[in-house]
Amino acid sequence: MSKFSITSTSKLSSGKSIPTLGFGVWDSPNHITTQSCLEALKVGYRHIDTAQVYGNEVEVGKAVESSDLAREDLFVTSKILSPGSDAAATYKKCIESVDKIGGANGYLDLMLIHNSASGASAVKMMWQAMEKSQEEGKIKSIGVSNFGIGHIDQMKEYAKVWPPAVNQLELHPWCQQREIVEYCHKNNIVVEAYCPLVRNQKADDPTLKSIGEKHQKSTQQVLLRYCLQKNWVPLPKSDNPKRIAQNADLFDFELDHQDMEKLDGQKQEPALVVAVDNKSKQ
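The rules behind the values
- Residues numbered from 1 in each chain as written.
- Predicted model: local features only at pLDDT ≥ 70, side-chain atom pairs only at ≥ 80, totals over all residues.
- Heavy atoms only, no water.
- Helix = DSSP H or I, 4+ residues; strand = E, 2+ residues; numbered from the N terminus.
- Contact = heavy atoms within 4.5 Å.
- Core = buried A, V, L, I, M, F, W, Y, C linked by side-chain atoms within 4.5 Å.
- Buried < 20%, exposed > 50% of the residue type's maximum accessible area, 1.4 Å probe, protein only.
- Axes fitted to C-alpha atoms, helices over the stretch in contact; angles between N-to-C directions.
- Parallel < 35°, antiparallel > 145°, perpendicular 65-115°, else oblique.
- Left-handed = near helix turned anticlockwise from the far one by under 90°.
- Nonpolar A, V, L, I, M, F, W, Y, C, P; charged D, E, K, R; others polar.
- Pairing = 2+ DSSP bridges.

**Q** Tell me about the side chain of serine 10, and name the residues and values.
**A** Counting through the fold element by element, serine 10 comes out in strand E1 (residues 9-11). Setting aside residues up to four positions removed in sequence, serine 10 forms contacts with Lys16, Ser17, Ile18, Thr20 and Val190.

**Q** I'd like a rundown of the nonpolar core, residues and numbers included.
**A** In this structure, Ile113, Trp127, Met130, Ile180, Trp232 and Leu255 are the most contacted members of the largest nonpolar core, which totals 70 residues. Excluding residues within four positions of it along the chain, methionine 130 makes contact with Ile80, Cys94, Met111, Leu112, Ile113, Ile142 and Gly143. Ranked by size, the runner-up nonpolar core spans 9 residues in total, among them Leu12, Phe75, Val190 and Val233.

**Q** Describe the packing of helix H7 (residues 206-215) against helix H10 (residues 257-264), and please don't skip the residues or the numbers.
**A** What describes two packed helices is the angle between their axes and the distance between those same axes. Where H7 contacts H10, the axes come no closer than 10 Å and their chain directions differ by 160°. Viewed along their axes, H7 and H10 adopt a mutual orientation that is roughly antiparallel. Crossing handedness for the pair H7 and H10: left-handed. Contacts between H7 and H10 involve Thr207, Leu208, Ile211, Lys214 and His215 on the former and, on the latter, Gln258, Asp259, Lys262 and Leu263. Of the residues belonging to the contact of H7 with H10, the class tally is 3 nonpolar, 3 polar and 3 charged.

**Q** For the pairing of strand E8 (residues 166-170), give the residues involved together with the corresponding values.
**A** Within E8, 5 of the 5 residues are buried, leaving the element largely enclosed by the surrounding structure. The alternating pattern of E8 places Val166, Gln168 and Glu170 and Asn167 and Leu169 on opposite faces, both of which are buried. Bridging between strand E7 (residues 139-145) and E8 involves 2 bridges; their strand directions are parallel. Following the sheet pairing, serine 145 is matched in E8 by glutamine 168.

Shown next, in the form of structure tokens:
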């Protein structure tokens, strides 16, 4: 049957391991986030993905603190969207995330640059601040999100840490971004998939429904299983306890070659959030 399990991990270029199923908290209201994270941990997730711009790092930190799991058994990611006014202020922004999630003596397992939109010089400033945080042990691994090939290649000019451990991208059958995914896999960059459930916009898709019926699984479970078999780390998001549990129930079935071919063959559509530009370096 499946080579994956709820405890499966992928090796990062930093030498650390990342759980192959994550739990996203984008757009999770502050008063619910902590409980949603605890629900996720209860059913077996060990990987939580947040960001400075989500505004719920503190709530994620509360879940980490109140969980009965050892900190080393959890994997927590945050993201920085823009630099501070200078190198020192940018470094401070990174450490603020560490403190919000892990407390004064805590750490982050992974920090990502949220996207490349702030420009090459801003990316350099954020990357160097994250490198410093990694040297100090405050952040265990560093990576990027929504970066194309040109952006990642350009980082070689100054990066002490290269390749980035992770590139987090919008990925699902209707937005496969094959060129950057292939580049990442060739360069030992773990690919994470956000919006893996297409924000439920494809729940009535005939192909998806037929595959779900074949395996007696929901369309959401099919989409997440697809990600796993593509060697992507999916980050499903939900605040519904039943859905949180269902989204983790992916390990007693496997999509066959025909299923994967049908999903791979879906017509590519505009990204819900952003598709990367593989030529730009700015």
